[in-house]
Amino acid sequence: MILQNINKELLVYLNSLTQFDFIKSITIIFSDFPIFFLPIFLIFYWIHYTYKKTPVVVSDIHITKNLLEKENLLYIVYSVIIWIIISLTIQQFIHIDRPETALEAAWNLILNHLPSASFPSDHATVSVAFLSSLFFAWYKKTWLYFSPFVILMLLSRIMWWVHWPFDILAWSIVWYFSSYITFKYITNIKLINKLNQLIIKTMSYIKL
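The rules we used
Residues numbered from 1 in each chain as written. Predicted model: local features only at pLDDT ≥ 70, side-chain atom pairs only at ≥ 80, totals over all residues. Heavy atoms only, no water. Helix = DSSP H or I, 4+ residues; strand = E, 2+ residues; numbered from the N terminus. Buried < 20%, exposed > 50% of the residue type's maximum accessible area, 1.4 Å probe, protein only. Contact = heavy atoms within 4.5 Å. Areas by Shrake-Rupley, 256 points an atom, 1.4 Å probe, with all protein chains shown as cover. 1 Å grid on protein atoms, 1.4 Å probe; cavity = no way out; pocket = protein on both sides within 12 Å on 5 of 7 lines; lining within 4 Å. Points joined across faces, edges and corners; volume = space filled by probe spheres on them. Nonpolar A, V, L, I, M, F, W, Y, C, P; charged D, E, K, R; others polar. Axes fitted to C-alpha atoms, helices over the stretch in contact; angles between N-to-C directions. Parallel < 35°, antiparallel > 145°, perpendicular 65-115°, else oblique. Phe/Tyr/Trp six-rings, centres within 6.5 Å; stacked < 30°, edge-to-face > 60°. Lys NZ or Arg CZ within 6 Å of the ring centre and 35° of its normal. Lys, Arg positive; Asp, Glu negative; His and termini not counted. Salt bridge = Lys/Arg side-chain N within 4 Å of Asp/Glu carboxyl O. Core = buried A, V, L, I, M, F, W, Y, C linked by side-chain atoms within 4.5 Å. Left-handed = near helix turned anticlockwise from the far one by under 90°. Expected span 1.5 Å × (residues − 1). Bend = angle between axes of the 7 residues up to and from the residue.

Q: Explain the overall build of the protein to me, using residue names and the numbers behind them.
A: Regarding its fold elements, the protein presents 8 helices and 2 strands. Secondary structure elements of the protein occur, N-terminal to C-terminal, as α-α-α-β-β-α-α-α-α-α. Going through the 208 residues of the protein one by one, you find that 44% of them count as buried. Taking all contacts inside the protein whose residues are at least 6 apart in sequence as the whole, residues at least 24 apart take part in 79%. Accessible area of the protein: about 12400 Å², with a carbon and sulfur share of 71%.

Q: I'd like to hear about the layout of surface pockets, residue by residue, with values.
A: Taken as a whole, the largest pocket spans an internal volume of roughly 310 Å³. Residue assignment for the lining of the largest pocket shows that the elements contributing at least two residues are α1 (2-16), α5 (122-136), α6 (140-159) and α7 (165-186). Per-class residue counts for the lining of the largest pocket are 15 nonpolar, 1 polar and no charged.

Q: How would you explain the packing of helix α2 (residues 21-30) against α6 if you had to name every residue and give the values?
A: Put simply, α2 and α6 touch, their axes get as near as 8 Å, and they point 110° apart. Judged by the inter-axis angle, α2 sits roughly perpendicular to α6. Where α2 abuts α6, its residues Ile-23, Ile-26, Thr-27 and Phe-30 lie against Phe-149, Leu-152, Met-153, Ser-156 and Met-159. When its residues are assigned to classes, the contact of α2 with α6 shows 7 nonpolar, 2 polar and no charged.

Q: Account for the packing of aromatic side chains, naming residues and giving values.
A: For the coordinates displayed, the defined rule picks out 15 aromatic pairs. Centre to centre, the rings of Phe-37 and Phe-41 are 5.8 Å apart; their planes meet at 45°, and the pair counts as tilted. Here the residue Phe-37 and the residue Phe-41 both occupy positions in helix α3 (residues 37-51), the gap between them amounting to 4 residues, near one helical turn. Pairwise contacts between aromatic rings join Phe-37, Phe-41, Phe-44, Tyr-45, Tyr-49, Phe-130, Tyr-139 and Phe-146 into one cluster. Between the NZ or CZ atom of Lys-140 and the centre of the ring of Phe-135, over which it lies, the distance is 4.7 Å.

Q: How would you explain the side chain of Lys-70 if you had to name every residue and give the values?
A: Here Lys-70 is to be found in helix α4 (residues 65-93). One buried charged residue, Lys-70, remains without a salt bridge, the closest side chain of opposite sign being Glu-71 at 11 Å. Beyond its immediate stretch of four places on either side in the chain, Lys-70 contacts Trp-46, Tyr-49, Thr-50, Ile-200 and Leu-208.

Q: A description of the nonpolar core should follow, citing residues and the corresponding values.
A: Judged by nonpolar contacts, the single largest core of 38 residues is most densely connected at Phe-41, Leu-73, Ile-76, Phe-130, Leu-134, Tyr-139 and Leu-154. Elements that contribute at least two residues to this core include exactly α1, α3, α4, α5, α6, α7 and α8 (190-204). With 8 residues, α5 is the single largest residue contributor to this core. Once residues within four sequence positions are removed from consideration, Leu-73 is found in contact with Phe-41, Leu-42, Tyr-45, Trp-46, Tyr-49 and Tyr-139.

Q: I'd like a description of the packing of α4 against α8, backed by residues and values.
A: Relative orientation of the contacting elements α4 and α8 amounts to 115°, with a least axis distance of 10 Å. By the criterion of interaxial angle, the relationship of α4 to α8 is roughly perpendicular. As for the relative orientation of α4 and α8, their crossing is right-handed in sense. Residue-level inspection shows Leu-67, Lys-70, Glu-71, Leu-74, Tyr-75 and Tyr-78 of α4 in contact with α8, the latter providing Ile-192, Asn-193, Leu-195, Asn-196, Ile-199 and Ile-200.

Q: Can you tell me about the side chain of Ser-127, naming the residues and giving the values?
A: Following the sequence through the fold, Ser-127 ends up in helix α5. Ignoring any residue separated from it by four or fewer positions in sequence, one finds Ser-127 in contact with Ile-35, Val-150, Met-153 and Leu-154.

Q: Give a detailed account of α6, specifying residues and quantitative values.
A: A rise of 1.5 Å per residue sets the reference length of α6, with its 20 residues, at 28 Å; its end C-alpha atoms lie 29 Å apart and thus fit the reference within 8%. Phe-146 marks the point of greatest bend in α6, at about 35°, and the proline Pro-148 comes within the next four residues. Every buried residue belonging to α6 is among Thr-142, Phe-146, Ser-147, Val-150, Met-153, Leu-154, Ser-156, Arg-157, Ile-158 and Met-159, and all of these are buried. With its phi angle positive at about 50°, Trp-161 sits one or two positions after the end of α6.

Printed below as a string of C-alpha cells:
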C-alpha cells in the first residue's frame, strides 16, 4: 500500500510539471524520439563496418575488425529481441492498467486513452536493453551520450501518464542486468555464431 501511494504521488507530481510550457514541449518531443536512435545506430554502423575494413588477428585467425563489430551489432539486436519477447510474455499474465484514472485531478491529461497495458513498459524494455547492450559491446561513448536521452524519454512517458513510475524504474533495472546475462552468455553459443556468419555472408551479397 505504501509503495502504491508513493507510485501515485510521484506520478501526479511529475505530471504536474507539464503545466510549464517549456517542460511540456520537451516531453512531447522526447517521449518517443530517442527510440528511433536504435535503428539509425544499427544501420549506420553496419554500413560503416561494411566499407571500412581494418585487419586484426583474433585467435590466430586473420579476420577483419568490421566482421567482429558486425557480430557485436547482431548481439545487440538479439538482446533487444529476447527482452521484447519476455516483456510481451509477461503482459499476457500480468495486467496493470495505465495510470489514467489516478490523474483525473492532476494538472494535465495529455493523451487520450491508451488501450494497452502499462506493465512492463515496452519503451523501457527496448531502450534499456539497447542501452545496456551498447555498454557491454564496448560502445561506451555512445552509451554515455545516449543515456540522458533515454532517461528523458522514460521520464517524459511518466509525465504523459503512459506509465507508472515503478513500471519504468523496476523494469529498467531488471532489463539492465538481464541484458548483461544475455550478452555474456549468448556470445558463446555456437549456433548463434553460425547464424551470425550466415547473416553477414548473406548481407555481403547485397554489398552490405
